[in-house]
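If you want the building blocks of each chain, they are given just below.
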Amino acid sequence: MSALKPVRGTHDILPEEMIRHRFVQDKAQEISARYGFGEIATPIFEFTNVFARTLGETSDIVTKEMYTFEDRSENLLTLRPEGTAGVARAFISNGLSQSLPLKLFYRGPMFRYERPQKGRQRQFHQVGAEILGIDTVQADIEVIALGAHFLEELGLGNDIKLELNSLGDRESRDAYHNTLVEYLSAYKDKLSEDSLNRLDRNPMRILDSKDEGDREIIANAPLLGDSLNESSRIFFEELKAGLEQLGVAYEISPCLVRGLDYYCHTAFEFTTTTLGAQGTVLAGGRYDGLIKQMGGPQTSGIGWAAGVERLAMMIAEDAAEKPQPISVIPQGDEGKKQAPSIAHALRKEGYIVDYGFTGNLKKRLQRANKLNTKAAIILGDDELARNAATVRDMVSGEQVEIPLEKLADHLAVYR
RNA sequence: GCGAUUGUAGCUCAGUUGGUUAGAGCACCGGUUUGUGGUACCGGAUGCCGGGGGUUCGAGUCCCCUCAAUCGCCCCA
């Protein structure tokens, strides 16, 4: 046991796992690009108020989960706990209101000081997509369809369901807020302690409570859907119709609310039961008030983020292909002399080439086998004297002698 | 932040009511084969028993503290 451990909630991603990690990220990027999203990278730290002001002063993320520190110039900075606030800030900083609508994809590490569990680290990675500047439901439909498409491409179509709800516009949300607080206040002596705390701060989160006593009270609580005003109701109806048109299956989840303050109208979560308590795998919603709240022009937005680690855990063992290199194996003095330039030439041709550095023929073949090599090129003095190399097919074990100048062509089948 | 479980070799784990030099499988290294891998056989190395303190003649085993992982709550991706 080494005394040198990584900081709690962080971990190393070794090459083996990185293949899956990359697969998830690259798939997200690839599918997003197909929907016309360009990739953006924002800094992993920002001025603290970028997050504090936008996520909601009372949200758990802001009040107890941020990595906040002062730099040497006494700036108060925070490691980003999520991606949307940074994208919104970048939108304002770069005057991107001239280029609306914007469709942006991002990926990268996020930081939250939470109690670690499986699928919940303090440094974790997200991929996300945002559409800025479209206040009609078409954006919601496209963003959700993108999420569903991405998860499907990962091979997770059957393990995941989409939960959908509408928080309504500001007016609807405020109206509901009031009716809910009124209703819940009658049960003040029966609510759980957690929920009591949330009654003032963020009463809608009480709908999510897993406490049994709370659930009984919630069962008869007024529904968010009933407080939606006409335009919000139509918006939601159009969203559902649009998803149906695209064959995106969903379930209405009347108690689904999101933790961050900036959401309105559409809220959705793709969830799974295969990851235990950390079942949310991709989630998002509409945030029409966010950019204005940050000091930018009124600009609507909708987007989602997905947890890369959670998705990487779910994808099938063999979903992400491992590289299959070609091994170059020198044998004897002449082989050692020529091997580096032969390997180099093949790499320039685009082949993945492993050069094992040490060991005799046997050891190098063992290494080649472990690396899942397709073919081995054996460079012995005998064949080099004839300006040729032996190519061993690592699956069949068959060997043929190939003149050096035809080597690259011959290997085409192993590419 | 709260509650519970766990922590022995690189990995997965065994280790009787506390009792000498702590074990297995896989992986690793070497050999059977000094120019031929994947199978087989033979051999080898490996541990601050998570860390610290305590009880005891004696602790991997019991007690306390601590760190970490896992599960649930909370929160969320």
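Higher on the page you've got the structure.
Thresholds, definitions, all that
Each chain has its residues counted from 1, running along the sequence as written. Just so you know, chain letters begin at A and ligand numbers begin at 1, following the order they were written in. It should be noted that, the model being predicted, local features are given only for residues of pLDDT at least 70 and side-chain atom pairs only at 80 or more, the latter also being counted only at that level, while totals for whole chains, interfaces and linings use all residues. As a convention, hydrogens and water are excluded, and side-chain values are obtained from all of the structure's heavy atoms. In this analysis, axes come from line fits to C-alpha atoms, helices being fitted only over the stretch in contact, and the angle between any two N-to-C directions falls in the range 0 to 180 degrees. Per the convention used, a helix needs a DSSP run of H or I reaching at least four residues, while a strand needs a run of E reaching at least two, with both numbered from the N terminus. Angular relationships are summarised with four words: roughly parallel below 35 degrees, roughly antiparallel beyond 145, roughly perpendicular across 65 to 115, and oblique for the angles in between. What makes a crossing left-handed is the near helix being turned counterclockwise from the far one by less than a right angle; a clockwise turn instead makes it right-handed. Here, two residues are considered to be in contact whenever any of their heavy atoms come within 4.5 Å of each other. Should DSSP find at least two bridges between two strands, the strands are regarded as paired. The pairing test for Phe, Tyr and Trp rings, Trp by its six-membered ring, is centres within 6.5 Å, and the orientation test on the planes gives stacked under 30 degrees, edge-to-face over 60, and tilted for anything in between. A 1.4 Å probe rolled over the protein chains alone gives each residue an accessible area, and that area as a share of the maximum for its type sets the label: buried under 20%, exposed over 50%, partly exposed in between.

Engineer: I'd love a proper account of the packing of helix H2 (residues 48–55) against helix H4 (residues 84–93), names of residues and values included.
Structural biologist: Packing of H2 against H4 leaves a shortest axis separation of 10 Å and a crossing angle of 110°. With respect to H4, the axis of H2 lies roughly perpendicular. The hand of the H2/H4 crossing is right-handed. Here Val50, Phe51 and Thr54 of H2 lie close against H4, whose contacting residues are Ala85, Gly86 and Arg89.

Engineer: Just give me the short version of the sheet that holds strand E15 (residues 388–393), but keep the residues and values in it.
Structural biologist: With mixed pairing, the five strands of this open sheet are ordered in space as E13-E12-E14-E15-E16. A strand with exactly one partner marks an edge of an open sheet, and here the two such strands are strand E13 (353–355) and strand E16 (399–403). For this sheet the average axis-to-axis angle between neighbouring strands, irrespective of direction, equals 30°. In this fold helix H14 (residues 361–370) packs onto strand E12 (326–331), E13, strand E14 (375–380) and E15, with an angle of close to 175° to the strand it touches most, E12.

Engineer: Give me the lowdown on the environment of Leu404, citing residues and values where you can.
Structural biologist: With respect to the helices and strands, Leu404 occurs in the loop between E16 and helix H16 (407–410). Sequence-distant contacts of Leu404, defined by excluding residues within four places in its chain, comprise Gln338, Ile342, Leu379, Leu384, Asn387, Ala388 and Ala389.

Engineer: Mind laying out the packing of aromatic side chains, listing which residues take part and the relevant values?
Structural biologist: Aromatic ring pairs are reported here in terms of the distance separating the ring centres and the angle at which the planes meet. Inspection of every chain in the model, using the stated rule, returns six aromatic pairs. For the pair Tyr67 and Tyr113, a centre-to-centre distance of 5.8 Å together with 70° between the ring planes defines the contact as edge-to-face. Separated by 46 residues along the polypeptide, Tyr67 in strand E3 (residues 67–70) and Tyr113 in the loop between strand E5 (102–111) and strand E6 (123–132) bring together distant segments of the chain. By relative accessible area, Tyr67 is classed as partly exposed at 26%. Overall, Tyr113 belongs to the partly exposed group, its relative accessible area being 43%.

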